[in-house]
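Read off the chains here:
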Number of protein chains: 2
Amino acid sequence: MTYCIGILVDDGLVMMADTRTNAGIDHISVFRKLHVFQKPGKMVLMVAASGNLSVTQSVLSFVTEGLKNPDTGKVETLLTQPTVFKAAQLLGRALREVYRIDGHNLEQMAGGFEANLLVGGQIGDNPMRLFHIYAAGNFIEVTPETPFFQIGEHKYGKPILDRIIRYNTDPRDALKTAMISMDATMRSNLSVGPPVDAAVLRKNALECEVLCRIEEDDSYFIELRKAWAQAMQDSHNAMPLPPYGSVP
Amino acid sequence: MTYCIGILVDDGLVMMADTRTNAGIDHISVFRKLHVFQKPGKMVLMVAASGNLSVTQSVLSFVTEGLKNPDTGKVETLLTQPTVFKAAQLLGRALREVYRIDGHNLEQMAGGFEANLLVGGQIGDNPMRLFHIYAAGNFIEVTPETPFFQIGEHKYGKPILDRIIRYNTDPRDALKTAMISMDATMRSNLSVGPPVDAAVLRKNALECEVLCRIEEDDSYFIELRKAWAQAMQDSHNAMPLPPYGSVP
């Protein structure tokens, strides 16, 4: 599995993804699932991917090498998109192209055509946006009421995001929340694992404020995991005990 | 969906289940999923059920009305079992009997034969035990290293159990943890809802210390949910911010 988070708050965008890929429990590898396309001062696009790795890697190859737009006849890449909406459309078209090529065989032999993408960023003066693209190539956008998307193994890490992330959360605070959410997922599910790729883009900066790979032995991450576990234990201890008796 | 928790610690057993049943998003009802079979001073058995309601209700009917044991020819009920292991076997046989009767049609028309049961308790001088019974009628038992089972919509509420529950946790503390786990699940998933049934059985007490239905307007539960949300927020605020920069 995979776990990717995209958070779009008022002041910026946070994306995070683990790197564990498994084709069976005895075939585990590290693959990048968070991809950043950046022309500093001009545009930043981040793409996170879950699902069948052959599908998502092919999609990334199409949007990097170029895919012909059937309406204009022009070959397009992610770096030539004028808006994030157009980038989401390009990724959707790339997904449909991969489905056209591989979909039938995957459905016959690999149990289905599975892929989810997140794409977020800012291009020029246009607003920051964040989209979740489904395997069918259609997509939805975050709104201030629901400022985050998760793809992959999302359930373990959802409660902390539900509790903390609001539209006015600071991006660096949101990065902290994402790391706690990733920690919860990694503790409860072996198929999500380190290292973790993270990126933060502040509004109108047009260059990543954070762009890094957080290794398992990263001292901040180790401390955060330890301190959070202790805080959970302390919070739990501080709650009063249930007063219930037996009312048959 | 459903969410049920069973926790067996050194000093006792905690079981909890929500009561929401939905056959489609516009067909939501309240059904009991935690059933307690008690002869005070002699035995307490608790059964929690998730999956297809027609299957689990039929299983409960069989073990209440009686099911013939093919080895002995005797009709058995849960209340006549000498050990929790034997009770788990009886529930497994009841599941197989329901599968024999309804399995084929369910697989043809309802997408499958789905059921999971937890059964725990103590009978006489025998040790407390807790089992997870699968749809096939086979089962596994908790151990001190893994002192809890969850069935149904289990992922949202697993991280807090992973963090807090140990074999030496006090049963009433474990009840508190179960309520926090249930809260996390209800916040993140609409298909799990109040009221919540809870039971606590202390070792060698042979009578429930807690046996109650916790309604949505229960003052302790309201306070716990509010206090826990605040504690999460405070804990989050207390964590240092991530120090990362941009290392392309």
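Everything in this summary refers to the structure shown in the same document. Worth saying up front: this structure is predicted, and the values here are computed from it rather than measured.

Reading the values: rules and limits
Residues numbered from 1 in each chain as written. Chains lettered and ligands numbered in written order. Predicted model: local features only at pLDDT ≥ 70, side-chain atom pairs only at ≥ 80, totals over all residues. Heavy atoms only, no water. Axes fitted to C-alpha atoms, helices over the stretch in contact; angles between N-to-C directions. Helix = DSSP H or I, 4+ residues; strand = E, 2+ residues; numbered from the N terminus. Parallel < 35°, antiparallel > 145°, perpendicular 65-115°, else oblique. Left-handed = near helix turned anticlockwise from the far one by under 90°. Contact = heavy atoms within 4.5 Å. Nonpolar A, V, L, I, M, F, W, Y, C, P; charged D, E, K, R; others polar. Buried area = accessible area lost by both parts, 1.4 Å probe. Salt bridge = Lys/Arg side-chain N within 4 Å of Asp/Glu carboxyl O. Polar contact = N/O pair within 3.5 Å; in protein donor to acceptor, adjacent residues only side chain to side chain. Phe/Tyr/Trp six-rings, centres within 6.5 Å; stacked < 30°, edge-to-face > 60°. Lys NZ or Arg CZ within 6 Å of the ring centre and 35° of its normal. Pairing = 2+ DSSP bridges. Expected span 1.5 Å × (residues − 1). Buried < 20%, exposed > 50% of the residue type's maximum accessible area, 1.4 Å probe, protein only. Arc of directions from axis to C-beta.

## Thoughts on the packing of helix H1 (residues 53-65) of chain B against helix H2 (residues 84-109) of chain B
Residues and elements named next belong to chain B. Contact pair H1 / H2: the axes reach a minimum separation of 9 Å and the direction vectors enclose 135°. Relative to H2, the element H1 lies oblique. The element H1 and its partner H2 pack so that their crossing is right-handed. For the pair H1 and H2, contact is made by Val-55, Ser-58, Val-59, Phe-62 and Val-63 and by Leu-90, Leu-91, Ala-94, Leu-95, Glu-97, Val-98, Ile-101 and Leu-106, respectively. A per-class count over the contact of H1 with H2 returns 11 nonpolar, one polar and one charged.

## What about the interface of chain A and chain B?
On the chain B side, the residues contacting the 49 residues of chain A number 49 residues. Together, Arg163(A), His236(A) and Tyr244(A) form the three largest contributors to the area buried by chain A at its contact with chain B, with a combined 20%. Counting across the interface, chain A meets chain B through four salt bridges. Linking chain A with chain B are 23 residue pairs in polar contact (both at pLDDT 80 or more).

## Points about the packing of aromatic side chains
Residues and elements named next belong to chain A. If you walk through the whole model with that rule in mind, you get 10 aromatic pairs over all chains. Taking the centre distance of 5.8 Å and the plane angle of 75° together, the rings of Phe-85 and Phe-139 count as edge-to-face. Of this pair, Phe-85 sits in helix H2 (residues 84-109) while Phe-139 sits in strand S11 (residues 139-141), and the two are 54 residues apart along the sequence. Ring-pair connections join several aromatic residues into one group, and the members of that group are Phe-85, Phe-131 and Phe-139. Arg-225 extends its terminal NZ or CZ atom over the ring of Phe-221, reaching a point 5.2 Å from the ring centre.

## A look at the sheet that holds strand S6 (residues 43-51) of chain A
All names here are of chain A. Read across the sheet, five strands follow the order S5-S6-S9-S10-S11 without closing on themselves; strand pairing throughout is antiparallel. One side of each edge strand has no neighbouring strand; the edge strands of this open sheet are strand S5 (34-39) and S11. Adjacent strand axes in the sheet meet at a mean angle of 15°, parallel and antiparallel pairs treated alike. Relative to strand S10 (residues 129-133), strand S9 (residues 115-123) is paired through five bridges, and the arrangement is antiparallel. Each residue of the ladder has a partner; that of Val-119, found in S10, is Phe-131. Strand contacts of H2: S6, S9, S10 and S11, with the helix running at about 155° to S9, the strand carrying the most contacts.

## Focus on helix H1 (residues 53-65) of chain A
Residues and elements named next belong to chain A. For H1, built from 13 residues, the straight-helix expectation of 18 Å at 1.5 Å per residue is met to within 8% by its first-to-last C-alpha distance of 18 Å. Among all positions in H1, only Val-55, Thr-56, Val-59, Leu-60 and Val-63 are buried. The buried side chains of H1 occupy one side of the element, clustering within an arc of 135° when seen end-on. In this structure, the buried residues of H1 make contact with S5, S6, H2 and S9. Immediately downstream of H1, the backbone of Gly-66 shows phi near 120°, a positive value.

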